[in-house]
Amino acid sequence: MFQAAAISNPNYNLTGQDFIVVGGGGYIGAHVCKRLAERGGRPIVFDNFEAGHEHAVKWGPFETMDLRDRGQTRAAFQKYPNVKTVIHLASSIEVGEGERAPEEFYENNVSGAFNLLMAMRATGADRLIFSSTCATYGETQNMPLLESEIQNPFSVYGKTKLAIEHMIQSYHKAYGLNYVTFRYFNASGADEGGEIGEEHDPETHLIPNALKAAAGLGKGLKLFGTDYDTADGTCVRDYIHVSDIAEAHIQAIRAMDGGLTQAELNLGTGEGYSVLQIINAIEKVTGLPVPYEVGPRRDGDLTQLYANSAKARKILDFTPENSTLENIIETAWNFHRCKWGV
Ligand code: UDP
């Protein structure tokens with residue numbers, strides 16, 4: 001099996017602290033909850049369980065609630081008046097769906113975050129860690145991406161996340177909300193113990209879809225476009241292990257305890273891999289071929305995105321120690337094999 005994930009600042013302890021984790025039943029949220037609990041904290045999950053899973057809530061209580069309902073959101077927050085730090089990971093994430101149904105994206109992501117901010121202000125929770133995305137940057141040749149890069153999102157998904165970033169900045173300025181906004185690059189891999197992993201339905205992400213094809217399940221992988229302006233014609237992304245993302249949240253709490261009041265931080269490794277490179281790496285790790293068929297470009301996809309991650313390293317003293325491509329694929333494969341029984 002796998003060794004325990006490497007962690008930065010392993011002695012940082014959260015004993016006795018409660019955290020509200022909105023979207024804690026989701027892929028990244030569940031990994032964040034596990035890390036909080038490992039450090040002695042108590043994650044309280046708020047989730048509507050449309051995309052998240054009750055079975056992924058293992059480390060504390062949960063409330064079934066929907067951010068789109070302002071009254072319900074406020075009532076849920078009022079049940080936990082002592083919570084100071086909120087981690088917000090709940091959103092619609094499927095890029096193509098955002099292009100087809102923007103109204104639902106704006107309602108779920110932007111109205112939902114607004115209701116969350118109002119509830120936090122009403123109950124005195126004054127620290128927020130927010131999951132934003134590299135998709136807020138838009139098409140640019142300036143790689144690796146710095147946080148100061150112009151944000152001109154191409155997709156509806158990116159636009160909704162940027163709108164939330166702006167709301168949070170306004171709350172910081174006017175009402176003193178302290179925050180860390182993480183711009184995630186491509187979250188991937190699974191818990192080293194195999195306990196939790198990526199379980200989207202429908203699954204749209206490259207690595208689980210390619211693993212499924214390697215396992216001989218489904219119709220094979222559809223590769224979205226080989227006519228991009230990259231070395232092999234396929235899109236380039238920065239894949240960061242979900243356990244490293246979870247650990248960055250702990251380090252954000254530590255930094256805020258130490259006086260950090262606001263930061264926008266990229267969460268990536270700085271390494272870009274093309275879709276074909278990922279397919280090759282999966283074939284190497286699994287020893288199985290990945291059958292795929294080339295299709296047209298997917299709506300909303302950018303050519304390449306990879307991070308300059310120096311700022312997170314400096315401000316949080318954080319390094320993505322579990323994010324070799326091999327470890328990402330091995331842990332994801334381990335999780336999916338158990339789930340699929342292959
Ligand atoms: N991709 C693909 N086939 C799939 C899923 C994804 O070719 O079934 C491509 C997608 O077009 C993008 C890259 O893989 O270039 C990463 O996509 P993913 O959905 O995993 O993450 P995103 O970058 O959209 O957040």
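These lines cover the structure that appears in this document, whether it is placed above or below. (Residues numbered from 1 in each chain as written. Predicted model: local features only at pLDDT ≥ 70, side-chain atom pairs only at ≥ 80, totals over all residues. Heavy atoms only, no water.)

Along the backbone of the protein there are ten helices and 13 strands. Compactness check: the protein gives a C-alpha radius of gyration of 19 Å against a globular reference of 20 Å for 342 residues, within 12% of the reference. Out of the 342 residues belonging to the protein, those deemed buried represent 56%. Sequence separation of 24 or more characterises 80% of the internal contacts of the protein that already satisfy a separation of 6 or more. Of the side-chain charges in the protein, 30 are positive and 43 negative, and the distance between the mean point of each set is 4 Å. (Helix = DSSP H or I, 4+ residues; strand = E, 2+ residues; numbered from the N terminus. Rg over C-alpha atoms; globule rule 2.2 N^0.38 Å. Buried < 20%, exposed > 50% of the residue type's maximum accessible area, 1.4 Å probe, protein only. Contact = heavy atoms within 4.5 Å. Lys, Arg positive; Asp, Glu negative; His and termini not counted. Charge placed at Lys NZ, Arg CZ, Asp CG, Glu CD.)

Now for the site of the ligand. For the ligand, the set of nearby residues contains 15 residues, the closest of which are Leu206, Lys222, Arg237, Arg298 and Asp301. Between the ligand and the protein, one listed contact pairs an oxygen atom with a backbone N or O atom of threonine 204 at 3.4 Å. A distance of 2.7 Å is found between a nitrogen atom of the ligand and a backbone nitrogen or oxygen belonging to lysine 222. For the ligand, whose accessible area on its own is 510 Å², the fraction buried by protein is 89%. Counting residues per element, the shell around the ligand draws most heavily on strand β8 (residues 221-224), at four residues. Its residues placed into classes, the shell around the ligand shows seven nonpolar, four polar and four charged. (Near = heavy atom within 4 Å. Polar contact = N/O pair within 3.5 Å; in protein donor to acceptor, adjacent residues only side chain to side chain. Areas by Shrake-Rupley, 256 points an atom, 1.4 Å probe, with all protein chains shown as cover. Nonpolar A, V, L, I, M, F, W, Y, C, P; charged D, E, K, R; others polar.)

The next point concerns the pattern of salt bridges. According to the stated counting rule, one finds 16 salt bridges in the structure shown. A salt bridge links lysine 79 to glutamate 63, with the shortest nitrogen-to-oxygen separation between them at 3.0 Å. Taken together, the positions of lysine 79 in the loop between α2 (70-78) and β4 (85-88) and glutamate 63 in strand β3 (residues 62-64) put the pair 16 residues apart, joining distant regions of the chain. Residue classification places glutamate 63 among the buried positions, given a relative accessible area of 14%. Its salt-bridge partner being arginine 298, residue aspartate 301 comes within 3.1 Å of it at the nearest N-O pair. (Salt bridge = Lys/Arg side-chain N within 4 Å of Asp/Glu carboxyl O.)

The next thing to look at is the pairing of strand β1 (residues 18-22). Of all five residues that make up β1, four are buried, and the element is covered over most of its length. Strand direction decides the pairing type here: β1 and strand β2 (residues 42-47), joined by five bridges, are parallel. Within β2, the position partnered with aspartate 18 by the bridge is arginine 42. Handedness of the crossover is the feature at issue here: the chain leaves β1, passes through helix α1 (residues 27-38), returns alongside β2, and the resulting connection is right-handed. With four bridges joining them, β1 and β4 adopt parallel strand pairing. From the neighbouring strand, isoleucine 20 faces β4, where its bridge partner is valine 86. (Pairing = 2+ DSSP bridges. Right-handed = clockwise from strand over helix to strand, strands pointing away.)

Turning next to the pairing of β2. Counting buried positions over the six residues of β2 gives five, a clear majority of the element. Taken together, the three bridges between β2 and β3 define a ladder with parallel strand orientation. Residue aspartate 47 lies in a different strand from β3, and its bridge partner there is threonine 64.

To continue, consider the nonpolar core. Among the nonpolar cores identified, the biggest contains 39 residues, and Ile28, Leu36, Phe182 and Leu267 are the most heavily contacted of them. Secondary-structure elements contributing two or more residues to this core are β1, α1, β6 (178-184), α7 (242-257), β11 (262-267) and α9 (310-316). Take this core: its biggest share by element is nine residues, from α7. Excluding its chain neighbours within four sequence positions, the residues that come into contact with isoleucine 28 are Leu89, Tyr184, Ala187, Val242 and Ile245. (Core = buried A, V, L, I, M, F, W, Y, C linked by side-chain atoms within 4.5 Å.)

What follows covers the sheet that holds β3. Spatially, seven strands are ordered β3-β2-β1-β4-β5-β6-β11 in an open sheet, and the strand pairing comes out parallel. The open sheet has two free edges, formed respectively by β3 and β11, since each of these has just one partner strand. Between one strand axis and the next, the sheet turns through 20° on average, direction left out of account. In the sheet, β6 pairs with β11 via six bridges, with the strands oriented parallel. Bridged to tyrosine 179 within β11 is glutamine 262. Sheet contacts for α7: β1, β4, β5 (127-133), β6 and β11; angle to β6, the most-contacted strand, approximately 155°. (Axes fitted to C-alpha atoms, helices over the stretch in contact; angles between N-to-C directions.)

Turning our attention to the packing of helix α6 (residues 206-214) against helix α10 (residues 325-340). Viewed as axis vectors pointing N to C, α6 and α10 meet at an angle of 55°, and their least axial separation amounts to 10 Å. Relative to α10, α6 is oriented oblique. Relative to α10, the crossing made by α6 is right-handed. Taken together, the residues of α10 that come into contact with α6 (itself represented by Ile207, Pro208, Leu211 and Lys212) are Ile328, Ile329, Ala332, Trp333, His336 and Trp340. (Parallel < 35°, antiparallel > 145°, perpendicular 65-115°, else oblique. Left-handed = near helix turned anticlockwise from the far one by under 90°.)

The next thing to look at is the packing of α6 against helix α8 (residues 275-286). Any two packed helices are characterised by the angle at which their axes cross and by the distance between the axes. The geometry of α6 relative to α8 is characterised by a closest axis approach of 10 Å and an angle of 45° between their N-to-C directions. In terms of their interaxial angle, α6 and α8 are classed as oblique. Considering the relative orientation of α6 and α8, their crossing is right-handed. Residue-level contacts link Leu206, Ile207, Ala210, Leu211 and Ala214 of α6 to Val275, Ile278, Ile282 and Thr286 of α8. For the contact of α6 with α8, the class distribution of residues is eight nonpolar, one polar and no charged.

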